[in-house]
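What follows is the residue order along each chain.
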Amino acid sequence: MFFYMEEDFSHNPPKQPCLTIDFGTAYSGYAFSLTKREAEIDPRLKSWGKKTSLRTPKTPTCILFDEHEKFLSFGYEAQSAYFRTRGDEARNKFFFECFKMSLYDKVIFLTFLCFYGLKEIEAFYIHCERPLLNRGGGLRHQLSASYNPVLTSLSRRLNAQSHSQPGPSDLRKSHYRVGLGSTISSPETLADCGTIDITVHEVLEGGALKELHKASGNDLGGQTVDKKFKEFLREIFSDRLWDEYEKKHPGEMQKMMYDISVLKENDDDDVDISCQYNLGEMAKEQQKIEKFFESLRGVSWNEGSIKISKEKVRSFFAESLNGITKSLREILKKGFTIKYILLVGGYSQSLILRQHITNQFSDQCKVLCPSHPQEAIMKGAVMFGRNPALVASRISAFTYGVSLSLRFDASKHRADKRYTNKEGEWCDGIFCVLVKENEEVGWDKTSEYSCTPIERDQTAITFAFYRTERNIQGLMYVDEWGVEKIGSIILESPVTARGMNREIKLQIKFGATEMTVTAIDGIIGIIMLNYEN
């Protein structure tokens, strides 16, 4: 996400402040730049965790509400507060963590409260649908999001579904080569390893990027490894005991899971997980704690800690690594000459992941990872926010279209789509293709389309926009399967003297991370609306 601030430049040299937010599955953060337009970009990062004696570029993507659904804290502070709670107090709290992947295709509202001056992002505030909430820190919430940045006087108004993300590549983040020279001129694959997002870019002369393959991937990132760890703890202590522990001591359980998530970054070696006090006490009530480990391979009790062998730890990574490998191989089969694989994001800090990718692909290309992979996405996003031309072109992830009406033809059109007005019979809801899936679109290219009103005295014209991933051969209407509405705009056209001969122009830019639509009334020559998302 990119936000810009408007300033009074009458007394100061012009600046182009830019704020970018990396809303990650496990960790989130932001970076910004306050340098002058002509100056070298110097991305700055917010440092998180001061109150918990930490100093990291990102904070856990978790949020805490009290029993009245009032916001309490976000990130490390939310985590720390919830970990300290016990019993009923914890069960009465609303604690959400790693909820980004639950945000898609649901209905809820997310607001980023930002403050001018970039001193702090105060909170990620979520109004949760009451029927969908589960108390006690469970993750089975149905969440979705749209954002409303309270940051600048720049106003963006649109009539769109809250979960839509128009834009040919539908990228959630912008990715860049980090710390590499400008001499690389061959394609490279970039993998963001929180959730697995894979893109293929050619680095052009001068350093700009040309997207060669639309963003793809899966949800087999670091969270999959955490899930395997948790499943193994259930296997050790039994489903019944673990369920009781999770219910009675949710804060303590979350602390244990956080400790486990940090282990992903460790060397490929045996690991020791501190057994939380209440889990140990509950286990002792059933039998000697050592007995829980007797029938299991790769794990043992070690004076208050659960010791897991490195072979067993590797097995927790297997599903994730296999999924990443499969996705990368599918791309490599498409004939690209890939010379570099660049790993970024929090999960890429894992030595096990880096070694696996190197072992699997080093005979085909060089595997690179910046020294601070968590920071790479945010810093690259600032660079892109300041200079969108750095991504010279993208590959459209969808076929985009607009709903139009045509003269009804009984030999071509469905009978149920026919309607009549003063001008005759029309067919409603025709899917008119604007750009096709896998089509290359330049970042600054504007496509222009012309149309006319369907009534002589029509003073308002609605344009509804759609997208689809289906094969468009045979696709005719916007209400067919696989077609999704992403938004609409209304153009006022008050001068009707020329009746249906009025030219209405649509100017559309597809090549950025948003789809920008400008509607123009050709008679009075005024741009009426700019649609952005």
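Per an unreviewed UniProt entry, the protein chain goes by the name Heat shock protein family A (Hsp70) member 12A.1 and belongs to Haplochromis burtoni.

Caption draft 1: The arrangement of the overall build of the protein chain in detail. Across its full length, the protein chain carries nine helices and 29 strands. Counting the 533 residues in the protein chain, one finds 50% classified as buried. Long-range contacts, defined here as pairs at least 24 residues apart, represent 68% of the contacts in the protein chain between residues at least 6 apart.

Caption draft 2: Geometry of the pattern of salt bridges. Here the structure, examined in full by the defined rule, presents 21 salt bridges. One salt bridge connects K228 with E319, and the closest N-O pair in it is separated by 3.0 Å. Separated by 91 residues along the polypeptide, K228 in helix α3 (residues 222-237) and E319 in helix α7 (residues 310-332) bring together distant segments of the chain. Taking relative accessible area as the criterion, E319 reaches 37% and is therefore assigned partly exposed. The network of salt bridges with common partners includes K230, R234, D239, D243 and E246.

Caption draft 3: Spatial organisation of the packing of aromatic side chains. Within the structure shown, the criterion is met by 15 aromatic pairs. Ring centres 6.3 Å apart and planes at 45 degrees place the aromatic pair F83 and Y258 in the tilted group. Highlighted residues: F83 in helix α1 (residues 76-84) and Y258 in helix α5 (residues 250-263), separated in sequence by 175 residues. Ring centres of F237 and F293 lie 6.1 Å apart, and the angle between their planes is 85 degrees; on these two criteria the pair is classed as edge-to-face. Within this pair, whereas F237 is found in helix α3, its partner F293 is found in the loop between α6 (277-284) and β15 (299-302), the two being separated by 56 residues in sequence. F293 carries the same exposure label as F237, and that label is buried. Taken together, the ring pairs in this structure connect F237, F292, F293 and W301 into an aromatic cluster. Note that K46 overlies the ring of W48, its terminal NZ or CZ placed 5.2 Å from the centroid. In this arrangement the basic side chain of R467 is found over the ring face of F398, its NZ or CZ atom lying 4.2 Å from the centre.

Caption draft 4: A look at the sheet that holds strand β7 (residues 71-74). As summarised here, the arrangement of the three strands in space is β7-β6-β8, forming an open sheet in which the pairing is antiparallel. Each edge of the open sheet is held by one strand with a lone partner, namely β7 and β8 (94-97). Adjacent strand axes in the sheet meet at a mean angle of 15 degrees when their direction is disregarded. Two elements, strand β6 (residues 62-65) and β7, share three bridges in a ladder whose sense is antiparallel. Counted as the bridge partner of L64 is S73 from β7.

Caption draft 5: Layout of α3. The end-to-end C-alpha distance of α3 is 23 Å, a good match for the 22 Å that 16 residues give at a rise of 1.5 Å each. Those residues of α3 that fall on the buried side of the exposure criterion are G222, T224, V225, D226, F229, F232, L233, I236 and F237. S238 sits one or two residues past α3 and shows a positive phi near 85 degrees.

Caption draft 6: Looking closely at the confidence of the model for the protein chain. Here the protein chain averages 76 in pLDDT, and 76% of its residues register 70 or above. Of the regions scoring below 50 in pLDDT, residues 106-186 engages in 243 contacts with residues more than four places distant in sequence or in other chains.

Caption draft 7: Main features of the pairing of β6. Burial of the side chains of β6 extends over both faces: C62 and L64 are buried on one face and I63 and F65 on the other. Across four bridges, the pairing between β6 and β8 is antiparallel. Within β8, the residue paired with F65 across the bridge is F94. In sequence, β6 turns back onto β7 through a hairpin of five residues, with E69 there showing a positive phi of about 65 degrees.

Caption draft 8: Structural context of a negative patch on the surface. Together, D269, D270, D272 and E311 give the surface a local cluster of negative charge. As for its placement among the helices and strands, E311 is situated in helix α7.

Reading the values: rules and limits
Residues numbered from 1 in each chain as written. Predicted model: local features only at pLDDT ≥ 70, side-chain atom pairs only at ≥ 80, totals over all residues. Heavy atoms only, no water. Helix = DSSP H or I, 4+ residues; strand = E, 2+ residues; numbered from the N terminus. Buried < 20%, exposed > 50% of the residue type's maximum accessible area, 1.4 Å probe, protein only. Contact = heavy atoms within 4.5 Å. Salt bridge = Lys/Arg side-chain N within 4 Å of Asp/Glu carboxyl O. Phe/Tyr/Trp six-rings, centres within 6.5 Å; stacked < 30°, edge-to-face > 60°. Lys NZ or Arg CZ within 6 Å of the ring centre and 35° of its normal. Pairing = 2+ DSSP bridges. Axes fitted to C-alpha atoms, helices over the stretch in contact; angles between N-to-C directions. Expected span 1.5 Å × (residues − 1). pLDDT = per-residue confidence, 0-100. Patch = residues over 30% accessible without salt bridge, like charges linked within 9 Å, V, L, I, M, F, W, Y side chains within 5 Å. Areas by Shrake-Rupley, 256 points an atom, 1.4 Å probe, with all protein chains shown as cover. Lys, Arg positive; Asp, Glu negative; His and termini not counted. Charge placed at Lys NZ, Arg CZ, Asp CG, Glu CD.

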